[in-house]
Amino acid sequence: MADQAIAVDSEEFSDSGYAESTSTSYLSSIASDIRRGVNENGRTYAAYGKTLQGMPIDEEEQDRNDLQHAKFMLLLNGKLHFAPISEDSQKILDIGTGSGIWSIDMSDKYPSASIIGVDLAPTQPTWVPPNLQFEIEDVEEDWLYSKNSFDFIFGRELLMAIRDWPRLIQQAYDHLKPGGYLELEMTYPKTYCEDNSIDLETSAYAESARLLFECGRQMNVPWEASLEWKEQFKAAGFEEVTETILPIPIGRW
């Protein structure tokens with residue numbers, strides 16, 4: 001919930017312009033059970049949030065998040081986003097920030113903007129740009145930010161996390177300023193083969209995708225959700241909705 005948000009609140013910064021971790025209340029003010037998480041089958045999961053999360057929050061997962069960020073940077077030709085936001089955007093929200101790497105890069109790119117990265121767990125670094133703060137939030141709860149307050153809201157790979165996409169999209173719409181942008185990015189793991197060089201009936205790639213879709217259905221977080229986003233954006237009130245589909249090459253090479 002937003003009234004339980006934990007954020008970096010230090011006013012002391014190092015010469016490099018990054019917040020001094022030893023003078024923040026970021027970790028010390030978070031309840032110990034939220035900080036520790038829940039251990040299951042050798043992995044650590046978030047202890048906060050109203051629904052079970054399908055992805056862990058441990059160091060191995062944060063390394064995957066950083067690698068995933070590199071993947072998107074390659075797919076987007078070095079861009080951090082597609083939305084044509086203004087260089088003087090003043091307020092940006094990153095929902096499901098994970099390791100925080102996207103928010104950190106955005107803070108460096110838009111130093112005049114105030115950027116908030118939210119997640120269920122405090123997995124982000126404590127040394128951050130001065131225009132960035134991280135908060136503990138469950139974005140499936142009611143947002144307590146001021147409405148019509150953000151220039152740009154961004155969410156990437158909210159895998160196995162969101163049960164009610166129309167509600168999330170509607171809340172984003174309500175909290176954007178007129179003319180603001182919402183951008184959601186998701187990997188759709190269906191396997192294709194353009195040259196028919198592999199048998200999709202027997203391929204391990206196709207089987208792994210099938211299992212991912214089955215996991216999503218079992219947890220009520222379908223991986224097909226992104227196929228409905230365009231219409232859900234329009235239903236929420238967004239105009240000039242753009243959908244971009246990019247192939248992700250995979251192979252033994």
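Residues numbered from 1 in each chain as written. Predicted model: local features only at pLDDT ≥ 70, side-chain atom pairs only at ≥ 80, totals over all residues. Heavy atoms only, no water.

Engineer: Mind showing me how you'd approach the sheet that holds strand 4 (residues 114-119) here?
Structural biologist: Within a beta sheet, neighbouring strands are joined by backbone hydrogen bonds and run either parallel or antiparallel to one another. Taken together, five strands build an open sheet; the order of strands is 5-4-3-6-7 and the sheet is parallel. Of all strands in the sheet, those bounded by a partner on one side alone are strand 5 (132-136) and strand 7 (176-185). The mean angle between the axes of side-by-side strands here comes to 20°, regardless of whether they run parallel or antiparallel. Where strand 3 (residues 91-95) meets strand 6 (residues 150-156), four bridges bridge the pair, whose relative direction is parallel. Residue pairing in the sheet places Asp 94 in a bridge with Phe 154 of strand 6. (Pairing = 2+ DSSP bridges. Helix = DSSP H or I, 4+ residues; strand = E, 2+ residues; numbered from the N terminus. Axes fitted to C-alpha atoms, helices over the stretch in contact; angles between N-to-C directions.)

Engineer: Please explain a nonpolar patch on the surface as it appears in this structure.
Structural biologist: A cluster of nonpolar residues, Ile 198, Leu 200, Tyr 205, Ile 248 and Ile 250, forms a patch on the protein surface that exposes about 380 Å² of accessible area. Within the fold, Ile 198 resides in the loop between strand 7 and helix 5 (204-218). (Patch = residues over 30% accessible without salt bridge, like charges linked within 9 Å, V, L, I, M, F, W, Y side chains within 5 Å. Areas by Shrake-Rupley, 256 points an atom, 1.4 Å probe, with all protein chains shown as cover. Salt bridge = Lys/Arg side-chain N within 4 Å of Asp/Glu carboxyl O.)

Engineer: What is the right way to read the packing of aromatic side chains from this model?
Structural biologist: Aromatic ring pairs: the centre-centre distance and the angle between the two ring planes describe each pair. Within this structure, the stated rule accounts for eight aromatic pairs. Relative to Phe 238, the ring of Phe 233 lies with its centre 5.1 Å away and its plane at 35°, an arrangement referred to as tilted. By the ring-pair criterion, three or more aromatic residues cluster together here, those being Trp 102, Phe 152 and Phe 154. Residue placement shows Lys 91 over the ring face of Phe 150; its charged tip is 4.9 Å from the ring centre. One residue, Arg 156, lies across the ring of Phe 72, its end atom 4.3 Å from the ring centre. (Phe/Tyr/Trp six-rings, centres within 6.5 Å; stacked < 30°, edge-to-face > 60°. Lys NZ or Arg CZ within 6 Å of the ring centre and 35° of its normal.)

Engineer: Help me understand the pairing of strand 7 in this model?
Structural biologist: Regular strands show a simple pattern: their side chains alternate between the two faces of the sheet. Relative to strand 7, strand 6 runs parallel, the two being bridged by six bridges. Note that in strand 7 the partner of Gly 155 across the bridge is Leu 184. Of the crossover connections in this fold, the one passing from strand 6 over helix 4 (residues 165-175) to the parallel strand 7 is right-handed. (Right-handed = clockwise from strand over helix to strand, strands pointing away.)

Engineer: I tried to follow empty space enclosed by the protein on my own but got confused; where do I start?
Structural biologist: Empty space left among the atoms is revealed by rolling a probe the size of a water molecule over them. Applying the stated criterion across every chain yields a total of three cavities of 30 Å³ or more. Taken as a whole, the second largest cavity encloses approximately 80 Å³ of empty space. Surrounding the second largest cavity, Leu 158, Leu 159, Met 160, Ala 161, Ile 162, Trp 165, Met 186, Val 221, Pro 222, Trp 223 and Ala 225 form its lining. Broken down by class, the residue content of the lining of the second largest cavity amounts to 11 nonpolar, no polar and no charged. (1 Å grid on protein atoms, 1.4 Å probe; cavity = no way out; pocket = protein on both sides within 12 Å on 5 of 7 lines; lining within 4 Å. Points joined across faces, edges and corners; volume = space filled by probe spheres on them. Nonpolar A, V, L, I, M, F, W, Y, C, P; charged D, E, K, R; others polar.)

Engineer: I keep staring at the layout of surface pockets and nothing clicks. Help me out?
Structural biologist: In this structure, the second largest pocket occupies an estimated 170 Å³ of space. Lining the second largest pocket, in full, are Lys 190, Thr 191, Leu 200, Glu 201, Ser 203, Ala 206, Glu 207, Ala 209, Arg 210 and Phe 213. Within the lining of the second largest pocket, the residues separate by chemical class into four nonpolar, two polar and four charged.

Engineer: Is there a simple way to think about the environment of Leu 184 in this case?
Structural biologist: Locating Leu 184 in the fold gives a position in strand 7. The class of Leu 184 is buried, set by a relative accessible area of 13%. The spacing of Leu 184 and His 81 is 103 residues in sequence and 9.5 Å in space, taken between C-alpha atoms. When residues no more than four places from it in sequence are discounted, the contact partners of Leu 184 are Gly 155, Trp 165, Ile 169, Trp 229 and Phe 233. (Buried < 20%, exposed > 50% of the residue type's maximum accessible area, 1.4 Å probe, protein only. Contact = heavy atoms within 4.5 Å.)

Engineer: What is the right way to read the environment of Gly 179 from this model?
Structural biologist: Secondary-structure assignment places Gly 179 in strand 7. Its relative accessible area of 64% is what places Gly 179 among the exposed residues. Expressed as a C-alpha distance, the spacing of Gly 179 and Asp 151, which sit 28 residues apart in the sequence, is 7.7 Å.

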